[in-house]
Amino acid sequence: MAAAEDLAVPRPVDEIVDVLIIGSGASGAAVAWGLVGTRLKILCLEQGDWIKPADFPANGRDWEARRYADFDISPNRRARDTDYPVNDDNSPMKVANFNGVGGGTILFTAHFPRMHPSDFRVRTLDGVAEDWPIDYWTLEPYFTENDRMMGVAGLAGDPAYPAHEPTMPPVPLGRSGTCYARALNKLGWHWWPSEISIATSEYDGRAKCINLGHCTPGCAQGAKASVDITYWPRVLRAGVELRTRCRVREITTNKHDMATGVIYYDPTGTERFQPAEIVILAANGIGTPRLLLNSASSRFPNGLANSSGLVGRNLMLHPWPQVSGYVAEELDGDRGPQTVMWSKEFYETDASRGFVRGYTLQFGRGTGPVNEAITNLGTGRLPWGRGHHRAYRTLMYRRLLVGVACEDLPEEHNRVMLDPVLKDSHGIPAAMIDYTISENTRAMMEHGIARATEILEAAGAKNTFASRIVLNSPGHLLGTARMGIDPATSVVNEWGRSHDVKNLFIVDGSIWVTSGGVNPTSTIQALALYVADSIKQRLATLFD
Ligand SMILES: Cc1cc2nc3c(=O)[nH]c(=O)nc-3n(C[C@H](O)[C@H](O)[C@H](O)COP(=O)(O)OP(=O)(O)OC[C@H]3O[C@@H](n4cnc5c(N)ncnc54)[C@H](O)[C@@H]3O)c2cc1C
Ligand code: SF4
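K.L.:
I tried to follow the environment of Ala58 on my own but got confused; where do I start?
P.N.:
Within the secondary structure layout, Ala58 lies in the loop between β2 (42–45) and α2 (63–66). In the structure, Ala58 is positioned 81 residues away from Leu139 in sequence and 35 Å away in space, judged by C-alpha atoms. Sequence-distant contacts of Ala58, that is, excluding residues within four places in its chain, are made with Trp63 and Gly218.

K.L.:
Can you help me understand the pairing of strand β14 (residues 429–434) in this one?
P.N.:
Two faces belong to every sheet, and in a regular strand the side chains alternate between them. Of all six residues in β14, five are buried, a share of seventy percent or more. Sheet analysis places strand β3 (residues 86–90) next to β14, joined by three bridges and oriented parallel. If you follow Val86 over to β14, its bridge partner there is Ala431. As judged from the five bridges shared by strand β13 (residues 415–423) and β14, these two strands associate in the antiparallel manner. The residue of β14 that forms the bridge with Val416 is Ile433. What sits between the antiparallel neighbours β13 and β14 is a turn of five residues, in which Gly427 has the positive phi angle 85 degrees.

K.L.:
In this structure, what is going on with the pairing of strand β12 (residues 399–406)? I would like to understand it.
P.N.:
Judged by how many residues are buried, β12 sits mostly within the fold: eight of eight residues are covered. Side chains Arg399, Leu401, Gly403 and Ala405 of β12 all project onto a buried face; the interleaved residues Leu400, Val402, Val404 and Cys406 project onto the opposite face, where all are buried too. As judged from the six bridges shared by strand β11 (residues 359–364) and β12, these two strands associate in the antiparallel manner. Note on β12: the bridge partner recorded for Thr360 is Ala405.

K.L.:
I'm lost on the nonpolar core in this one. Help?
P.N.:
It is characteristic of soluble globular proteins that their nonpolar side chains tend to be buried jointly. The biggest cluster of nonpolar side chains holds 141 residues, and the ones touching the most others in it are Tyr231, Trp232, Ile251, Ile280 and Ile286. Take this core: its biggest share by element is nine residues, from helix α12 (residues 521–537). Look past the residues within four positions of Ile286 in its chain and what remains in contact with it is Tyr84, Val86, Val95, Leu315, Val416, Ala431, Ile433 and Leu477. In this structure, Tyr326, Leu395, Met396 and Tyr397 belong to the second largest nonpolar core, which totals eight residues.

Rules behind the numbers
- Residues numbered from 1 in each chain as written.
- Chains lettered and ligands numbered in written order.
- Predicted model: local features only at pLDDT ≥ 70, side-chain atom pairs only at ≥ 80, totals over all residues.
- Heavy atoms only, no water.
- Helix = DSSP H or I, 4+ residues; strand = E, 2+ residues; numbered from the N terminus.
- Contact = heavy atoms within 4.5 Å.
- Buried < 20%, exposed > 50% of the residue type's maximum accessible area, 1.4 Å probe, protein only.
- Pairing = 2+ DSSP bridges.
- Core = buried A, V, L, I, M, F, W, Y, C linked by side-chain atoms within 4.5 Å.

Written out as structure tokens, the structure reads:
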């Protein structure tokens, strides 16, 4: 606990900056880009490293094994010294992330849907949760700018969305996509080629996708738009400083309840003070509440920016059942971008289904040989001994796999706290989550599993099975410092500024009011660009 006025410990003090961004992931990169050109001195502190493309698992034959080691999506299993542990024992869903330049985009699958207009108005439309204080149209220009910066493959004209133009042609449907499309046509259900932030043509100095392999553990080709290769090179050229291996411990404040900077550990482990005029949190839906709670002081005893008591609450993780089935012919397997198309048939509320809100169905290409073997040793479809190879041949590269991206609604008891015992390698308390899946979401999951099964059966798949217990969350960490107009029911205002600390902003997924049924990064980044623009427009009066 420390406020700047009672910082008794002597520690090196760095030169003051105008803007300090904590975290270099999807939102940190975007907000930095939004602020360049202002002549502000901008610094980003990131606890992780730059990741060299040569180090990505896709370069080697052991790529699947490394997904369970140094490129595991769980920070607890990956356990690099740049990771912090997350106690997720009290949650059916486990946290997935990546800590390094690029944040989660290093490991993301690059599926790039926008939120739908209805997602911003769930209270008005469905009588649940809260409406956002902004709408789709507020973010529209920022979606477009973000698409230009990231590069998005897709096909204009999806009737599920307001009109917009992806920047590159769609990823080819391939054998798997064609198989799904035929099945969906038979059922008469909506489908459309997915928007994916993967280069299908040379784009902004990036090479195009050559179907090297599964994109999730990093793309060595540079076709996948992780922000270390999209935003950051431009942001750095514009004069922003990015310091890696710098882990922020807490945000300090003065007697006027203004942020004064941060205490952080530099790469040698030395504790330093970085003064700043403006502090922007971009540490994601777990890292941000963790830091705010760890910044409690005599003036902010319940954690910084927490007069509403909502810091850490309303955690949303997107439960994501998957349904698989096997067809007779060989499909794409792990070759090429993982998701090729989506269906929005069940996205909007239909009261007759017994739940509110809805889900996107996402159609995957398949999986790699090791994952196929491990899964089916578990399902009993792959016997040891005689018949092993024969059975394996009927599975390998023959799997269709449909993900059900469910919207979970905000509930205050789903929350991030500080673990009283567990700490990271610098002794900072770890995050601890407490999360349950609601009845509404469970009903939605069952509905989605049933529809996905119908699709697979229409595709001729046999041996269908559903993974209901989603062990790893899809890495969507949302809602824990939500935006709103009323300081009693929200943490930041409608343009990302803390209600309590006037020079503190949040731009990551924490500020989401509801979660939609889509992967969040496109909207997270549009929001970060919008907050940057709001700061720019109000610079003269920011602290009045
Ligand atoms: C396996 C996986 C697959 C995914 N697939 C998709 C997908 O297909 N589509 C999609 O839209 N989204 C996907 N996501 C989610 C996507 O990665 C996140 O939505 C996005 O990265 C969130 O951006 P962010 O800026 O909020 O946080 P992050 O990108 O997580 O960045 C936060 C950064 O802050 C840093 N940080 C945290 N605390 C501190 C501290 N104390 N000091 C210094 N630095 C700190 C972290 O090291 C990290 O680099 C996936 C995620 C994972 C893990
Ligand atoms: S499939 Fe394409 S985008 Fe994915 S890792 Fe391979 S080259 Fe990169």
